[in-house]
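Notes for the structure review
In case you want the letters, here they are:
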Amino acid sequence: MDQQTRRDQHGNKKRKHLGLKITLTIVALLVIGVGAVFGMMWHQTQSTFNKIYDNNGAKHDTTIKQKKPFSILLLGADTGADGRISRGNSDTIMVVTINPNTHKTLVYSVARDTMAEMVGTKSLNVQKLNAAYNIGESKMAKASVKKLVNVPINYYAAINMGGLEKIVDAVDGITITTSIDVTFDGTTITKGKHHLNGKQALAYSRMRYQDPRGDYGRQLRQQQVMMAVLKKLATPSGITKYNTLMKELEPYLRTDITLDDAVKLATDYRGNLDNVTSKQLEEKSATINGSSYQVPSTETLQSVSDELRTQLGLSKETLSNQNTRLNKLNAAFFNDDNSTSYDTDGAVTQYYTNTTY
């Protein structure tokens, strides 16, 4: 196997975690803003919103209210379609920074298997980043991501897989054109133009292995579904479905963004939707305690931190955390494309082992 093939495989591993739930979280977040700005059926919306609102006991952040740059942690929980949102690994992790002054939105995707400190446990606990949401819900997830890239995390929004089918059905289906045949979970969408219901859209979004473009192709199809949903929501008939959609999403969505914040998002930050940049935290595969991890270099983490802090109007700071400490022990790991051996000096625990939260 040549080095280019190995790099391609590493790239595929890094991208595979950008799954279905990326689309779901973005759709859910934008639905909140798009619907709220029209102020339709306000009292019913407020009632529904109260059910999805969860600040996990923390004091409400007023950054949106003050029309300042802010960040949102988007989480896609792996709890499936059972309606359970309070626990589960966050297999999709995205940091979204929105600046109303520059009208720029920056989205950074972080692999679920990223090695990171679980901030909030009684003793040092370094695991895969997706475990933070399972161990300590949104509070620990926000704190752990903040520590990883040294960026304040103002808000979060979490949704599980059961939401996509509900979203598409709530808008009476979507129309897409596919350049390939897609078969997944007993559902087939042939090459061409189709009007998909929720079940079909879910299958279309999830298939990966038969796509010659691999996970990249799946991401493109997910973007198709997301944009088709948003297009339907922007129509006069789509607006009238907002209240129904919010009720459908209620079992699957949790956020600490208030309804007032959502209105602000849709008015004061509306221009940011026209200037969105998506990036990935570049990482390298490593085998730690017999499990596969993704490990970002200190240089990469510093670069991402600098970019996110600049986007938020903050000064750059030298990053210092468990990742940077462990990376000092593993300089050879990052210089050898073939190496998967990463020394954690005993800091990484087996999944759920020694958890003292």
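For the structure itself, consult the block above.
Our subject in this report is the structure included herewith. Computed from a predicted model, the values in this text were never measured in an experiment. (Residues numbered from 1 in each chain as written. Predicted model: local features only at pLDDT ≥ 70, side-chain atom pairs only at ≥ 80, totals over all residues. Heavy atoms only, no water.)

Structural notes on the nonpolar core
Formed by 29 residues in total, the largest nonpolar core has its most connected members in Val168, Ile174, Leu196, Tyr204, Val225 and Val229. Of all the secondary structure elements, the ones that give two or more residues to this core are helix 3 (42-52), helix 5 (162-170), strand 7 (174-178), helix 6 (198-206), helix 7 (214-233), helix 9 (242-249) and helix 10 (259-268). (Core = buried A, V, L, I, M, F, W, Y, C linked by side-chain atoms within 4.5 Å. Buried < 20%, exposed > 50% of the residue type's maximum accessible area, 1.4 Å probe, protein only. Helix = DSSP H or I, 4+ residues; strand = E, 2+ residues; numbered from the N terminus.)

Some words on the pattern of salt bridges
The tally for this structure, following the rule as stated, stands at six salt bridges. Put simply, Asp113 and Arg112 hold a salt bridge, and the shortest N to O gap is 3.8 Å. Its relative accessible area of 27% is what places Arg112 among the partly exposed residues. A salt bridge links Lys142 to Asp256; the nearest nitrogen and oxygen atoms lie 2.9 Å apart. Taken together, the residues Lys142 in helix 4 (residues 131-149) and Asp256 in the loop between strand 11 (253-255) and helix 10 connect sequence positions 114 residues apart. Each member of the pair, Lys142 as well as Asp256, carries the same accessibility label: buried. (Salt bridge = Lys/Arg side-chain N within 4 Å of Asp/Glu carboxyl O.)

Some points on the packing of aromatic side chains
Counted by the stated rule, this structure contains five aromatic pairs. Seen from their ring centres, Phe333 and Phe334 are 4.9 Å apart, and the 80° between their planes marks the pair as edge-to-face. Taken together, the aromatic side chains of Phe70, Tyr155 and Tyr269 make up a single cluster linked through ring pairs. In this structure, Lys128 packs its charged tip against the face of Tyr293, placed 5.4 Å from the ring centre. (Phe/Tyr/Trp six-rings, centres within 6.5 Å; stacked < 30°, edge-to-face > 60°. Lys NZ or Arg CZ within 6 Å of the ring centre and 35° of its normal.)

Describing helix 6
The set of residues buried in helix 6 consists of Gly198, Ala201, Leu202, Ala203, Tyr204 and Ser205. One side-chain oxygen of the residue at the start of helix 6 lies 3.2 Å from the amide nitrogen of Lys199, identifying that residue as Asn197. (Polar contact = N/O pair within 3.5 Å; in protein donor to acceptor, adjacent residues only side chain to side chain.)

Thoughts on unusual backbone geometry
Here the phi dihedral of Lys67 falls at roughly 55°; this positive angle occurs in a residue that is not glycine. On the secondary structure map, Lys67 appears in the loop between helix 3 and strand 1 (70-77).

As for the side chain of Asn321
With respect to the secondary-structure elements, Asn321 resides in the loop between helix 11 (298-311) and helix 12 (322-328). On the accessibility criterion, Asn321 (8% relative accessible area) is buried. A distance of 3.0 Å separates the side chain of Asn321 from the backbone nitrogen of Asn323, its partner in a polar contact.

Structural notes on the environment of Ser320
The topology assignment puts Ser320 in the loop between helix 11 and helix 12. Residue classification places Ser320 among the exposed residues on the basis of a relative accessible area of 60%. Along the backbone, Ser320 and Lys147 are 173 residues apart, and their C-alpha atoms lie at a distance of 8.7 Å.

Quick notes on the pairing of strand 3 (residues 104-110)
Burial within strand 3 is extensive, with six of its seven residues counted as buried. Pairing of strand 3 with strand 12 (residues 276-280) involves five bridges; the strand directions are parallel. From the neighbouring strand, Tyr108 faces strand 12, where its bridge partner is Lys279. (Pairing = 2+ DSSP bridges.)

Here's the deal with helix 4
In a regular helix each residue adds 1.5 Å, so 19 residues correspond to 27 Å; helix 4 covers only 17 Å between its end C-alpha atoms and thus falls short of that length. Of all the bends in helix 4, the largest measures some 135° and sits at Glu137. Across the 19 residues of helix 4, 14 count as buried, placing the element largely inside the fold. (Expected span 1.5 Å × (residues − 1). Bend = angle between axes of the 7 residues up to and from the residue.)

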